[in-house]
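Chains, contacts and geometry: an overview
The primary structure of each chain is shown beneath.
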Amino acid sequence: MPLPQTKKYDGMNVWELISGKQQYRNKPIGFVYLQRRSWVTDTYKLISVDNGKTYELYDLIKDPSEQKNIIENHSEVAAKMIKELNNWLKEIEGERAVIEASWK
């Protein structure tokens, strides 16, 4: 069944990644669940567990197990990612309200 073209869909087609035709995402991807939110690029992961009051930043290439928070040394990267995350959260606000209501 074709999807309506009038609606903006959150997410991305990952088939190229799964099939091995593409090695990296071409844009960041966001996640939100209850008080947790994150913004992930091919290199960095920005995460907050307190609804955006504080953040941590990890280099996924150098630290794939996310052991060293590098936000203090990479404040410009973090600021850019926080802005992108907040813009994305505004874009999905309506859909997010519906989803979060179903959790209660």
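All values reported here derive from a predicted model rather than from experimental measurement. (Residues numbered from 1 in each chain as written. Predicted model: local features only at pLDDT ≥ 70, side-chain atom pairs only at ≥ 80, totals over all residues. Heavy atoms only, no water.)

The next subject is unusual backbone geometry. At leucine 34, a residue that is not glycine, the phi angle is positive and equals roughly 50°. Relative to the assigned elements, leucine 34 resides in the loop between strand E1 (29-33) and strand E2 (36-40). Residue leucine 34 is classed as partly exposed on the basis of its relative accessible area of 44%. (Helix = DSSP H or I, 4+ residues; strand = E, 2+ residues; numbered from the N terminus. Buried < 20%, exposed > 50% of the residue type's maximum accessible area, 1.4 Å probe, protein only.)

When pLDDT is low, close inspection of the predicted coordinates is not appropriate. Confidence in the prediction of the protein, expressed as mean pLDDT, is 84, and 72% of residues score 70 or more. Taking the mean pLDDT of every element in the protein, the minimum, 66, falls on helix H3 (residues 93-103) and the maximum, 98, on strand E4 (residues 56-59). (pLDDT = per-residue confidence, 0-100.)

Here the focus is helix H2 (residues 75-91). Here H2 spans 24 Å end to end across 17 residues, near enough to the 24 Å set by a 1.5 Å rise per residue. Listed as buried for H2 are Ala78, Met81, Leu85, Trp88 and Leu89. Burial along H2 is one-sided: seen end-on, the buried residues are contained in an arc of 100°. Looking at H2, the residues exposed on the side facing more than 90 degrees away from the buried face are Glu76, Lys80, Lys83 and Lys90. (Expected span 1.5 Å × (residues − 1). Arc of directions from axis to C-beta.)

Further remarks concern the nonpolar core. The biggest cluster of nonpolar side chains holds 13 residues, and the ones touching the most others in it are Trp39, Leu46, Leu57, Ile71, Met81, Leu85 and Trp88. Elements represented by at least two residues in this core include exactly strand E3 (44-48) and H2. With five residues, the single largest contributor to this core is H2. The residues touching isoleucine 71, leaving out its near neighbours within four places in the chain, are Leu46, Tyr55, Glu56, Leu57 and Ala78. (Core = buried A, V, L, I, M, F, W, Y, C linked by side-chain atoms within 4.5 Å. Contact = heavy atoms within 4.5 Å.)

A separate point is the side chain of lysine 45. Here lysine 45 is to be found in strand E3. Judged by its relative accessible area of 18%, lysine 45 is buried. Side-chain polar atoms of lysine 45 contact the side chain of glutamate 66, separated by 3.3 Å. Contact partners of lysine 45, with chain neighbours within four places excluded, come to Ser38, Trp39, Val40, Glu56, Leu57, Tyr58, Leu60, Glu66 and Met81. (Polar contact = N/O pair within 3.5 Å; in protein donor to acceptor, adjacent residues only side chain to side chain.)

Following the sequence through the fold, alanine 78 ends up in helix H2. Overall, alanine 78 belongs to the buried group, its relative accessible area being 3%. On a C-alpha basis, the gap between alanine 78 and tyrosine 58 in space is 9.7 Å, while along the polypeptide they are 20 residues apart.

To continue, consider the sheet that holds E2. Spatial strand order, E1-E2-E3-E4: four strands in an open sheet with antiparallel pairing. The sheet terminates laterally at E1 and E4, the two strands that pair on one side only. Strand-to-strand twist of the sheet, defined as the mean angle between neighbouring strand axes without regard to direction, takes the value 15°. Taken together, the five bridges between E1 and E2 define a ladder with antiparallel strand orientation. Note on E2: the bridge partner recorded for phenylalanine 31 is serine 38. (Pairing = 2+ DSSP bridges. Axes fitted to C-alpha atoms, helices over the stretch in contact; angles between N-to-C directions.)

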